[in-house]
Every structure is written in structure tokens, then in C-alpha cells.
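Each chain, written out:
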Protein chains: 2
Amino acid sequence: MTVTFRDVKADILSRITSDVWGPGTLLPSEVELAASYGCARATVNRAMRELSDEGIVERRRKAGTRVRMAPLRQASFHIPVVRIEIEEAGASYRHAIVDRTVQDAPDWLRARMQLDVGDRVVHLTCMHFADGAPYQFEDRWISLSTLPQAETADFDRISPNEWLVATVPFSNAEIAFSAAAADDVLAAHLGCERGAALFVAERATWWQGRAITHVRLAWRPGHRMMTRY
Amino acid sequence: MTVTFRDVKADILSRITSDVWGPGTLLPSEVELAASYGCARATVNRAMRELSDEGIVERRRKAGTRVRMAPLRQASFHIPVVRIEIEEAGASYRHAIVDRTVQDAPDWLRARMQLDVGDRVVHLTCMHFADGAPYQFEDRWISLSTLPQAETADFDRISPNEWLVATVPFSNAEIAFSAAAADDVLAAHLGCERGAALFVAERATWWQGRAITHVRLAWRPGHRMMTRY
């Protein structure tokens, strides 16, 4: 039976987590490990690379590979479009555009997104529903200098979120998660008390250095973003 | 000059983001790409593997590698111990144990962490300060069946967080981020209004299937958790 890099990785990880190789331990060389596992050195190398990427071991060119004293904890979150987030939870999805205007970019947005004076933007507010109940409120700005076609896009048919993913799939983004109190508008749309604590995401995206969109998403009270490591 | 997998990856990514290879495009084979870049096939393979891991391309054994129609967005967050989070922001760190008791695990905790009836736990509340100002309130439970030494650990000297990282560095965790309104205790400790919206993390960790700790962290109002992709 062939020994895969996953076998090697799992075995090394189990020795580390069971303290056979405790924090700070210098591991055997890749050549020695390959011999003991009866596999190619490249197989051990790939396993080690993943353990290093995950912050479990630390590789130094001359000093060899050690178990980290404390692993670098890293949590990853998939960020699906909201329709998929809702449908994966087994609920039916619907969105509605609340308001849509075209205007000059306000000062705060010009500063935030590095737009020029006089640059035009589409400002959209949009509600997302799960099984008919308020799920998420979206407040979005789209740059018309970069995406003039946003002025006439049919956002009633396809949500701005999905339209953007289809139009500019490979943008770069800055994301921040935080908590905010519901103001009157959010309270009305999400059907909660004014002042309720809401989980909020803000995302700004660029494509090739050009501003695409700025969005602020507020989920209904009680929303949790979960992961494991 | 040697072509590295990073060069190959950057070039492929730039063709994808500049739409030379648009969404859905079937990419040339690894052999063809290796020939065109003048590098080993393994170099192209590594670049492709990373692009695949990052959700940019989709690899199918027989059908070849395609640019995804919509990339799988994934955001990663490093989760440092709070002392490092504060010190990296350039502030001075201090912690204080607010309360510490040893007791039978309450029912909700037994259910959540899969503890047995009669299992004992340490319950700690702890404040973390940045430049002397309230930064984070910690409400933590540690299983004494798994970690009996937690009963006598000197948490005034080393925070429970850092003590646990040093004692059980390689645990598995479930993490959830959410928003919560400050209750009277949180408001008093964090120096904010009752009802203020707080960013909250809950983390439950196990080691080899045995319960280690459950913690709920609430940051001062305005805290943001940021990343890029």
C-alpha cells in the first residue's frame, strides 16, 4: 500500500498532539522520516509544508524543523454569497431592493475607496430573507467609473452580491467583522428592537487597483459565524 | 534564472484576474505550462495546487483544470492570545483575575463539552487591559478531569489563556463569532452602557477528544476583527 502525504501528516500530527514530540522538539530530517515511513522524500516534504502552513511546526533552512512552542492559531471562514448561506441552512431565499440611487460618491466613500472627485456611484439598499423572515440588510455602493454597466443592471432579478461575483469574480478585498447597535432603519428592516446588537461585516473590494464596491452587511440578531480548527 | 512556483502562480493569477483566462476557461495542461514557463512540471503542479486550495481554479482528474466561475472566498484570521493582540497594537498589557471558583460543571457546560456528571471545573472571570483601559472580558471554564493542575495554577502571574496554550498547545477548537448586548456585569467591567453592542467570540476546545476549556470573550465596544484576501 502506498503511503500518502496525508498518512504521513496524520501520523506526525498525532505524535505532536499526544506529546511524543512535545513543543520545541527537533523533528527527524525528511530523509530519515521518509526512510521510516517507507515513502518518497517529496511525500514527507509535502506533509511538513502543510504542517508548517498550519502553524504546527516551524521550518528553518539550516536548523531543521521544530514543533512550535505554541501553534499559530488560524481560523478560516468561507464567505458564501448570502443566497447560498441561506439555502445551505435549508431555508428558501428571496431578496428585495429597498432603494437604488445614482449619485456623486460621498466624501467618506471617496476617501475609503480612493475614488476621484466627481466619480459616480450606485447606492443600493437590499434585504435578504430566509423562509420569508428578515435575514440580512445590505448597504452597498458600486463604482460606476469601474463598472458603468451597474447603472442599468437588473438587481431585482439577480442580487447585487451575485451580480458582482459574476461580473468581477477575482477582486481583492478588505473585510472587517464587528458588532453594532441597530438604528431605526435596521430595526425596521430586520424586525428587531432599536439598539439590538447586530453582527456586522464591512467589505471593500478592488480589481486591479480600481474600486469596485463597498458593502456593509448586518445580520438579524443572534447570527453566529462558526468555524473549527 | 530559475522560475519558482511563486512566479508561475503569480503569472497564472494575473492572467485570470485580467480576464485573459476568464471564468470557466480550461487551462493548458501542466506539461504545456511547464514547457511555456521553462520550468519543471512539479513547479507548475505546486502553483496549481495553491490556486486550487485558494478556490481560484478547480481541478478534475480527467477534465483538467478550469478557472472557477466564482471563486470560493475564504477569509483567514490569525487568533493571537490577547496579550499579543494588545502588544502588537503598540499598547501595554495587563490582566486581572476577577473571580475564581471550583465547582461541579453546570448542566449546560456538561452538555456543551461532553463532560460527565460530577466532573469538576474551574470557573474564571478575567479582565484584560490595554494601556490601562478595559479591552476584553473573559469568562472561562477549565475541565479539572482533563487538567487537574488548573486547580492550583497561578493565573495572577500568567493569564488562563496563555497558561492553556503552554499546557495544551495543540487542541482542537470550535469557534463562533457573534454580537451581544452588554449585561450589567459586562457594562461595569468594560466601562460601557448596559445594552452596548459587543463583539463576542466563543471557543470550545478538546484535546484527544477530552474537554479542555470553554471560553466566552467580549471585547470593548468598537472592536473590529480584520483581514484581507
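The model shown is predicted, which means the values in this text are computed figures rather than measured ones.

Draft legend 1. Summary view of the nonpolar core. Among the nonpolar cores identified, the biggest contains 40 residues, and Phe177 and Phe199 of chain A together with Phe177 and Phe199 of chain B are the most heavily contacted of them. Setting aside anything within four residues of it in sequence, one finds Phe177 of chain B in contact with Phe77, Phe199, His223, Arg224 and Met225 of chain A together with Phe199, Val200, Ala201 and Met225 of chain B.

Draft legend 2. Main features of the sheet that holds strand β4 (residues 93–104) of chain B. Pairing is antiparallel in the open sheet, where seven strands are placed in the order β10(A)-β7(B)-β8(B)-β9(B)-β6(B)-β5(B)-β4(B). Bordering the open sheet on either side are β10 (225–228) of chain A together with β4 of chain B, each of which pairs with just one other strand. Here the average twist between neighbouring strands, direction ignored, is 15°. The pairing of strand β8 (residues 197–207) of chain B with strand β9 (residues 210–219) of chain B spans eight bridges and is antiparallel. The partner of Val200 of chain B across the bridge, within β9 of chain B, is Ala218 of chain B. Running over the sheet, helix α6 (residues 160–167) of chain B touches β4, β5 (120–130), β6 (133–143) and β9 of chain B and is turned about 45° from β6 of chain B.

Draft legend 3. Quick peek at the UniProt feature "domain: HTH gntR-type" (unreviewed entry) in chain A. Here the UniProt-annotated "domain: HTH gntR-type" (unreviewed entry) positions come out as residues 2–70 of chain A. The distance separating the terminal C-alpha atoms of residues 2–70 of chain A is 32 Å; by composition the span is 49% helix and 12% strand.

Draft legend 4. Geometry of the side chain of Glu138 of chain A. Residue and element names in this part refer to chain A. Along the chain, Glu138 falls in strand β6 (residues 133–143). You can call Glu138 buried: its relative accessible area is 1%. Excluding residues within four positions of it along the chain, Glu138 makes contact with Leu124, Thr125, Cys126, His128, Pro160, Asn161, Val215, Arg216 and Leu217.

Draft legend 5. Representation of the packing of aromatic side chains. This structure, assessed with the given rule, holds nine aromatic pairs over all chains. Ring pairing ties together the aromatic residues Phe177, Phe199 and Trp219 of chain A together with Phe177, Phe199 and Trp219 of chain B, which thus form one cluster.

Draft legend 6. Seen up close, the interface of chain A and chain B. At the interface, 50 residues of chain A touch 50 residues of chain B. Roughly 4500 Å² of surface becomes buried between chain A and chain B when both sides are summed, with 55% attributable to carbon and sulfur atoms. Per-residue buried area on chain A facing chain B is highest for Arg73, Phe170 and Tyr229 of chain A; these three make up 17% of the total on that side. For the interface between chain A and chain B, the tally reads six residue pairs in polar contact (both at pLDDT 80 or more). Of all the secondary-structure elements, those providing two or more residues to the side of chain A that touches chain B are α1 (5–17), α3 (41–53), β3 (74–78), β7 (172–181), β8 (197–207) and β10 of chain A. By residue number, the principal contributor to the side of chain A that touches chain B is β7 of chain A, which donates ten residues. Taken together, the residues of the side of chain A that touches chain B sort by class into 29 nonpolar, twelve polar and nine charged. Pairing analysis gives four bridges linking β10 of chain A to strand β7 (residues 172–181) of chain B, with the strands arranged antiparallel.

Each value, and the rule that gives it
- Residues numbered from 1 in each chain as written.
- Chains lettered and ligands numbered in written order.
- Predicted model: local features only at pLDDT ≥ 70, side-chain atom pairs only at ≥ 80, totals over all residues.
- Heavy atoms only, no water.
- Core = buried A, V, L, I, M, F, W, Y, C linked by side-chain atoms within 4.5 Å.
- Buried < 20%, exposed > 50% of the residue type's maximum accessible area, 1.4 Å probe, protein only.
- Contact = heavy atoms within 4.5 Å.
- Pairing = 2+ DSSP bridges.
- Helix = DSSP H or I, 4+ residues; strand = E, 2+ residues; numbered from the N terminus.
- Axes fitted to C-alpha atoms, helices over the stretch in contact; angles between N-to-C directions.
- UniProt positions renumbered as here; feature names shortened; annotations may be inferred.
- Phe/Tyr/Trp six-rings, centres within 6.5 Å; stacked < 30°, edge-to-face > 60°.
- Buried area = accessible area lost by both parts, 1.4 Å probe.
- Polar contact = N/O pair within 3.5 Å; in protein donor to acceptor, adjacent residues only side chain to side chain.
- Nonpolar A, V, L, I, M, F, W, Y, C, P; charged D, E, K, R; others polar.

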